[in-house]
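Given next are the chains, with one letter for each unit.
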Amino acid sequence: MKRPNYQFSRVMYLLEAALEYFISLLVTGAYLAKIAGPEGVGLSDGTVGILSAFISLGCGFQIFALLLRNKTPVKRWVTVLHILNQGFFALVWFTPLFSLSATAKSALFIAFLLLGHVVNNLVNPAKTNWFMSLVDDHKRGVFTANKEIISLLSGFVVTFLLALVYDGLESAGKTTEALIVGGVSLTVLMILHTLTLVLSDEKPVEKTEGSSLKALLADRKQTKVLFSVIGINVFWNMAHFISTPFFGSYQVNELGFSMTFVMTVLGLLYALVRAAFSRFFGKFADRYSFVSMLNICFAVAAVAFFVNAFTVPENGKVFFTVYYTLYAVSMAGINSAAINLIYDYVEEEHRTVALAFSQSISGIVGFLTATCGGVLVSWIQSEGFVLFGRNLYAQQVMSFLGFLGVLLTILYMNLVVRKLPKRNK
């Protein structure tokens, strides 16, 4: 029996996004720092920061998703590839337990993490287009806000419970058991995520060749618009990946935060604040524009990075909490803008291609930025950095660079993108 208006599938999309968010939390930030750091694989802060930017590097592979753009229906191959990518993520947790040399463990760890992100990004453009096609064009802002709220609040519960178990086992000297719990938890989440895909419907589409990158680039008007919009993502990724990939190790090493503090205090604040502002920013964007919304969000992000430039162990819990709260406010709008800006400015037949191309370009730039940042972090940690007679931590310098990057993003957006004509809805 056909489900009217795809309401059930939209509910499944909300659950799918939440489960995918849970999985991403377990292979990023403080968790990644724990697995990759001294207690796990044994990598340096600079290397962990670069690995954190694999999220961005993985986006660079979305360009290869265009090879799958005409493979319909998408449900079957999207489901299979998601199982593969999340299987790689589960192996990330188990790698420190392998009886191998430190070099072999490091190589496998990096390979599993990279492959997980690469395969995930082969899937994302088609999956996003599949589910977003089921949403009313005039309600995208509110829908994506609701999706974020559900993911954030439920994500806090999941990571909080895991943090309690992880800290309890670690304090008892049972690091091996803690890693096993993390890997098994991710595997269970993978199974539940697969069910949401299997139970979702796909809107029937006519079998056509569809758009291609060549066709998109041949449309000069659309190409100019697309590259202008990509510019926002490029500048933001530069600001974001020169700074945030290095904060996970900063929390658990220099600042000395426990996983319980990271997931309870910081995690709860982040979830509540971002959830509280998501619907506001969603409605604001639907009424005014996503560019107008981003002006507010980027301004808040700039203040957040500026505050964090003054975070040190002596004031860490206060200053980092202030930074993280402001960052949560900004991300309540920024996170959905990358997709919705494409939907605002690019014609429907070019959407999947435009999404993949945009994510690829900005993703590669983000990873290259983080790689340069990792080199700078390692250099500062070995040589030191003194300003006005004070020794600064590497992450303080990176946070200030992030602040400057956000200011450039705001300037570019208002001088270039705000002047673009929006597509007819």
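As a reminder, the structure under discussion sits directly above these lines.
Residues numbered from 1 in each chain as written. Predicted model: local features only at pLDDT ≥ 70, side-chain atom pairs only at ≥ 80, totals over all residues. Heavy atoms only, no water.

Student: Outline the overall build of the chain, supporting the account with residue identities and numerical values.
Tutor: The helix and strand inventory of the chain stands at 16 helices and two strands. What you see for the chain is a C-alpha radius of gyration of 21 Å, in line with the 22 Å of a compact globule of 425 residues. Taken over 425 residues, the chain has a buried fraction of 56%. Long-range pairs, those at least 24 residues apart, make up 85% of the contacts in the chain with a sequence separation of at least 6. (Helix = DSSP H or I, 4+ residues; strand = E, 2+ residues; numbered from the N terminus. Rg over C-alpha atoms; globule rule 2.2 N^0.38 Å. Buried < 20%, exposed > 50% of the residue type's maximum accessible area, 1.4 Å probe, protein only. Contact = heavy atoms within 4.5 Å.)

Student: With reference to specific residues and values, describe the pattern of salt bridges.
Tutor: Counted under the stated rule, the structure contains four salt bridges. In this structure, Lys-127 engages Glu-16 in a salt bridge whose closest nitrogen and oxygen atoms are separated by 2.6 Å. A residue pair is termed long-range when its members are at least 10 positions apart, and Lys-127 in helix α6 (residues 102-132) and Glu-16 in helix α1 (residues 7-25) qualify at 111 residues. Judged by relative accessible area, which is 3%, Lys-127 ranks as buried. Among the residues examined, Glu-16 registers a relative accessible area of 1% and is labelled buried. Residue Lys-127 is joined to Glu-20 by a salt bridge in which the shortest nitrogen-to-oxygen separation is 2.7 Å. Within this pair, whereas Lys-127 is found in helix α6, its partner Glu-20 is found in helix α1, the two being separated by 107 residues in sequence. For the residue pair Lys-127 and Glu-20, the accessibility class agrees, reading buried in each case. Each of the salt bridges in this network shares a partner with another, and the network as a whole consists of Glu-16, Glu-20 and Lys-127. (Salt bridge = Lys/Arg side-chain N within 4 Å of Asp/Glu carboxyl O.)

Student: Any chance you could break down helix α2 (residues 29-36) for me, citing the residues and the numbers?
Tutor: With seven of its eight residues buried, α2 lies for the most part within the structure. Among all positions of α2, only Ala-30, Tyr-31, Leu-32, Ala-33, Lys-34, Ile-35 and Ala-36 are buried.

Student: Tell me what's going on with the packing of aromatic side chains, and back it up with residues and numbers.
Tutor: Applying the stated criterion to the full structure yields 31 aromatic pairs. Ring geometry for Phe-227 versus Phe-357: centroids 5.5 Å apart, planes at 80°, classification edge-to-face. On the criterion of sequence distance, the pair formed by Phe-227 in helix α10 (residues 220-241) and Phe-357 in helix α15 (residues 351-383) is long-range, its members being 130 residues apart. According to the relative accessible area criterion, Phe-357 is buried, its value standing at 9%. Both rings, one in Trp-236 and one in Phe-298, keep their centres 5.5 Å apart while their planes meet at 35°; by these two values the pair is tilted. Separated by 62 residues along the polypeptide, Trp-236 in helix α10 and Phe-298 in helix α13 (residues 290-308) bring together distant segments of the chain. For Trp-236, a relative accessible area of 7% puts it in the buried group. (Phe/Tyr/Trp six-rings, centres within 6.5 Å; stacked < 30°, edge-to-face > 60°.)

Student: Which residues make up the packing of α13 against helix α16 (residues 394-415), and what values do they have?
Tutor: Their axes nearest at 8 Å, the elements α13 and α16 cross at an angle of 160°. Classified by the angle their axes make, α13 and α16 are roughly antiparallel. The element α13 and its partner α16 pack so that their crossing is left-handed. Between α13 and α16, the residues in contact are Val-291, Leu-294, Asn-295, Phe-298, Ala-299, Ala-301, Ala-302, Phe-305, Phe-306 and Asn-308 and Ser-399, Phe-400, Gly-402, Phe-403, Val-406, Leu-407, Thr-409, Ile-410, Met-413 and Asn-414, respectively. Here the contact of α13 with α16 is built from residues that sort into 14 nonpolar, six polar and no charged. (Axes fitted to C-alpha atoms, helices over the stretch in contact; angles between N-to-C directions. Parallel < 35°, antiparallel > 145°, perpendicular 65-115°, else oblique. Left-handed = near helix turned anticlockwise from the far one by under 90°. Nonpolar A, V, L, I, M, F, W, Y, C, P; charged D, E, K, R; others polar.)

Student: Outline the packing of helix α12 (residues 259-287) against α13, listing residues and values.
Tutor: α13 packs onto α12 with a crossing angle of 140° between their chain directions and a minimal axis gap of 7 Å. Between α12 and α13, the angle is such that the two are oblique. Residues Phe-281, Phe-284 and Ala-285 of α12 lie in contact with α13, whose contacting residues are Phe-290, Ser-292, Met-293, Ile-296 and Cys-297. When grouped by side-chain class, the residues that make up the contact of α12 with α13 number seven nonpolar, one polar and no charged.

Student: Explain the nonpolar core to me, using residue names and the numbers behind them.
Tutor: By size, the foremost hydrophobic cluster in this structure holds 117 residues, and its most contacted members are Trp-93, Phe-109, Leu-113, Met-293, Leu-294, Phe-298 and Val-406. Here this core gets 13 residues from one element, more than from any other, and that element is helix α14 (residues 316-345). Membership of the second largest hydrophobic core comes to seven residues, among which are Ile-242, Phe-246, Ala-394 and Met-398. (Core = buried A, V, L, I, M, F, W, Y, C linked by side-chain atoms within 4.5 Å.)

Student: Got a sec to walk through the side chain of Thr-159? Specific residues and values, please.
Tutor: Tracing the backbone shows Thr-159 in helix α7 (residues 140-171). Given the relative accessible area of 4%, Thr-159 is considered buried. One polar contact links the side chain of Thr-159 to the main-chain carbonyl oxygen of Gly-155, over a distance of 2.8 Å. (Polar contact = N/O pair within 3.5 Å; in protein donor to acceptor, adjacent residues only side chain to side chain.)

Student: Go over a nonpolar patch on the surface with me, naming the residues and quoting the values.
Tutor: A surface patch of nonpolar side chains, amounting to about 730 Å² of accessible area, comprises Phe-8, Ile-180, Val-184, Val-188, Ile-191, Leu-192, Leu-195, Val-198 and Leu-199. With eight residues, the top contributor of residues to the nonpolar patch is helix α8 (residues 175-199). Relative to the elements of secondary structure, Val-184 occurs in helix α8. (Patch = residues over 30% accessible without salt bridge, like charges linked within 9 Å, V, L, I, M, F, W, Y side chains within 5 Å. Areas by Shrake-Rupley, 256 points an atom, 1.4 Å probe, with all protein chains shown as cover.)

Student: Explain the environment of Thr-371 to me, and be specific about the residues and the numbers.
Tutor: Relative to the helices and strands, Thr-371 is located in helix α15. C-alpha of Thr-371 to C-alpha of Met-132: the two residues are 239 residues apart in sequence and 33 Å apart in space.

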